[in-house]
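Structure assessment
The residues making up each chain are set out below.
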Amino acid sequence: MSNETITTIRPLQAPLDGTTHVPGDKSISHRAVLFAAMAEGTSSLSGVLDSEDVCASIAATKALGAKVDLTKQEDGSLAGSITGWGQAGPTQPQDAIDCGNSGTTARLLMGILAPWNIRVTLTGDSSLQRRPMRRITAPLMKMGARFEPEGQETLPITVCGTDQLHAISYDAPMASAQLKTAVLLAGVYAQGTTTLREPSASRNHTELMLPEFGVPTTAADRSASVTGPEYLKSADVVVPGDPSSAAFLASAALLKPKSHVVIENVSLNTARIGFTRTLERMGADISVHYSGAAGKEPYGAIEVRYTPVLRGCEIPADKIASIVDEIPVLSLVAAHARGVTIFREVSELRVKETDRLAEIITGLEKLGVDAWVEGNDLFIEGQPDLASEPGLVFESHGDHRLAMTWSLVGLCGEEPVDIVDFESVAVSYPQFLTDIERLAK
Ligand code: S3P
């Protein structure tokens, strides 16, 4: 018997108008929590995202012996302290660690646990149990770690760590910040310099944050290195707002006539705001305003106005990593543009929380939009006058970014839509609907 829930999303009654904030960045929050747990001493954290994914990392660090004292703030974020296991290392947990839906938790933990004489089983929900893990276990095995069952592709997997890891120089087969981070974190404790090269630049939060925790990193074009053995010392981290969440509000403002929004205190890390450049190339009225840096992470505001005429564009393969989480919502914007939009080499979308490549095409087909795949390239033929029919039902398949993408069809259009399992937005942006509805009052 299915226990799916259906949420009806109704059109916003007014344009989006005003200044707002989005919750803390998910990638930076995971790293702040995990690095603080690894560090010697007590770290101070603020602006941490309170979402299901980050809570999976928090629960994991507690099970491994970190002392976590984070409390909910008035703005909905988490703030407080984490005392790490430091040089004593993580404690052997009683049970398997359940990473829920969070690929970042599972993959980063593999690199975190590999350098310790410990056996820890990692598991996750049905979506996470389908996602590829060999990309992480393969380089960690080269460093000397073992995994059981040997050769296993998917969770559950038991990490059999060793304090005898050796440094490696590794050419990653895909641009993945989770893979890069797992290797660098293991490399912190290995003898010598660990270097990871990637085919195109993935997000660099780890390279930027590790030095804050007292571990120098070197980063060059498409490569990052760390020299061990080292250990992390406590730090203070302020987490800026999540550009991936801001992308949904920005896209809504673009599509809903007469809208004008300013999203403040967002991370403006260039590896994360590729969507603003993509939207600019589509002719969108969007701009970014830098205001400062939290540690080494730049932040500021993103301003967007409704843009009646958008045009399709081509996004080359080497820019895909900088928009990887935004491709579903950018595809919906492209569906409203004049001409064809092409996203080159997007095979990574097939192994996200769902097969997002297939789901983008299925969802756009429901809107009557022609979208197709040639090789690993996604093509979308936009319709400037696109309007949805009554009675549309979109499946989220429990994927937070699909749930938010298809909800924009209802919010910015003239007809309500039904979304199956809309609650999955809790993975990254629990208050999404409240935030967007508040802007339209
Ligand atoms: C993330 C890296 C990306 C991204 C994910 C978060 C991170 O995944 O899609 O949402 O925090 O390192 P990949 O490393 O699989 O590209």
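Quick caveat: nothing in here was measured; it's all calculated off a predicted structure.

**Concerning the layout of surface pockets**
Considered as a void within the structure, the largest pocket measures approximately 610 Å³ in volume. Lining the largest pocket are 37 residues; nearest its centre among them are Ala-175, Ser-176, Val-324, Glu-348 and Lys-352. Contributing elements (two or more residues each) for the lining of the largest pocket: helix H1 (26–38), helix H3 (103–113), helix H5 (177–187) and helix H11 (400–412). Both domains that furnish three or more residues to the lining of the largest pocket are identified here as domain 1 (6–23 + 240–439) and domain 2 (26–238).

**Details of the site of the ligand**
The immediate surroundings of the ligand are formed by Ser-27, Arg-31, Thr-104, Arg-107, Ala-175, Ser-176, Ala-177, Gln-178, Arg-203, Val-324, Asp-325 and Lys-352. Ala-177 places a main-chain nitrogen or oxygen 3.1 Å from an oxygen atom of the ligand. With respect to the ligand, the backbone of Gln-178 contributes an N or O atom lying 2.9 Å from an oxygen atom. About the coverage of the ligand: the protein hides 95% of its 390 Å² of free accessible area. When each cavity is represented as a set of grid points, the ligand is found to reside in the largest pocket. Elements with a contribution of two residues or more to the shell around the ligand: H1, H3 and H5.

**Examining the pairing of strand S16 (residues 285–294)**
One ladder, built from 9 bridges, connects S16 with strand S17 (residues 297–305); its direction is antiparallel. Residue pairing for S17: Val-288 is matched across the bridge by Ile-302. The hairpin formed by S16 and S17 contains 2 residues between the paired strands, and Gly-295 there has a positive phi angle of roughly 65 degrees.

**Structural notes on the side chain of Thr-307**
When you line up the elements, Thr-307 lands in the loop between S17 and strand S18 (314–315). Residue Thr-307 is classed as buried on the basis of its relative accessible area of 9%. Here Asp-285 takes part through its backbone nitrogen, which lies 3.0 Å from a polar atom of the side chain of Thr-307. Not counting residues within four places of it along the chain, the set of residues in contact with Thr-307 comprises Leu-254, Gly-283, Ala-284 and Asp-285.

**Some remarks on empty space enclosed by the protein**
Scanning the model with the defined rule gives 1 cavity of 30 Å³ or more in all. Estimated volume of the largest cavity: approximately 40 Å³. What lines the largest cavity is Glu-359, Thr-362, Gly-363, Lys-366, Phe-394, Glu-395 and Trp-406. Broken down by secondary-structure element, the contributors of at least two residues to the lining of the largest cavity are helix H10 (356–366) and strand S22 (393–395). Examining the composition of the lining of the largest cavity, we find that 4 residues originate from one element, H10, more than from any other. Looking at the lining of the largest cavity residue by residue, the class counts come to 2 nonpolar, 2 polar and 3 charged.

**As for the side chain of Ser-267**
Mapped onto the fold, Ser-267 is located in strand S15 (residues 260–267). A polar side-chain atom of Ser-267 sits 3.3 Å from the main-chain amide nitrogen of Asn-269. Residues in contact with Ser-267, not counting those within four places in the same chain, are Ile-28, Pro-240, Gly-241, Pro-243, Ile-273, Glu-297, Pro-298 and Tyr-299.

**Some remarks on the domain arrangement of the chain**
In terms of domain boundaries, the chain breaks down into domain 1 (6–23 + 240–439) and domain 2 (26–238). Relative placement of domain 1 and domain 2: their C-alpha centres are 28 Å apart. Taken together, the contact between domain 1 and domain 2 spans 26 residues of the former and 25 residues of the latter. Here domain 1 meets domain 2 over a buried area of about 2,200 Å², counting both sides, of which 49% is carbon and sulfur. Taken together, the links from domain 1 to domain 2 amount to 3 salt bridges. The salt bridge partner of Asp-325 is Arg-203, with a shortest N-O separation of 3.1 Å. At the boundary of domain 1 and domain 2, one finds 11 residue pairs in polar contact (both at pLDDT 80 or more).

**Description of the sheet that holds strand S12 (residues 217–220)**
Across the sheet, which stays open at both edges, the 4 strands sit in the order S10-S11-S13-S12 with mixed pairing between neighbours. This sheet does not close on itself; its edge strands, each paired only once, are strand S10 (169–171) and S12. Mean inter-strand twist for the sheet, computed between neighbouring axes without regard to direction, equals 15 degrees. Bridge count between S10 and strand S11 (residues 192–197): 3 bridges; the pairing is parallel. By the bridge assignment, Tyr-170 is partnered in S11 with Leu-196.

Rules behind the numbers
Residues numbered from 1 in each chain as written. Predicted model: local features only at pLDDT ≥ 70, side-chain atom pairs only at ≥ 80, totals over all residues. Heavy atoms only, no water. 1 Å grid on protein atoms, 1.4 Å probe; cavity = no way out; pocket = protein on both sides within 12 Å on 5 of 7 lines; lining within 4 Å. Points joined across faces, edges and corners; volume = space filled by probe spheres on them. Helix = DSSP H or I, 4+ residues; strand = E, 2+ residues; numbered from the N terminus. Domains from an automatic or database assignment. Near = heavy atom within 4 Å. Polar contact = N/O pair within 3.5 Å; in protein donor to acceptor, adjacent residues only side chain to side chain. Areas by Shrake-Rupley, 256 points an atom, 1.4 Å probe, with all protein chains shown as cover. Sits in = over half its atoms within 2 Å of the grid points. Pairing = 2+ DSSP bridges. Buried < 20%, exposed > 50% of the residue type's maximum accessible area, 1.4 Å probe, protein only. Contact = heavy atoms within 4.5 Å. Nonpolar A, V, L, I, M, F, W, Y, C, P; charged D, E, K, R; others polar. Buried area = accessible area lost by both parts, 1.4 Å probe. Salt bridge = Lys/Arg side-chain N within 4 Å of Asp/Glu carboxyl O. Axes fitted to C-alpha atoms, helices over the stretch in contact; angles between N-to-C directions.

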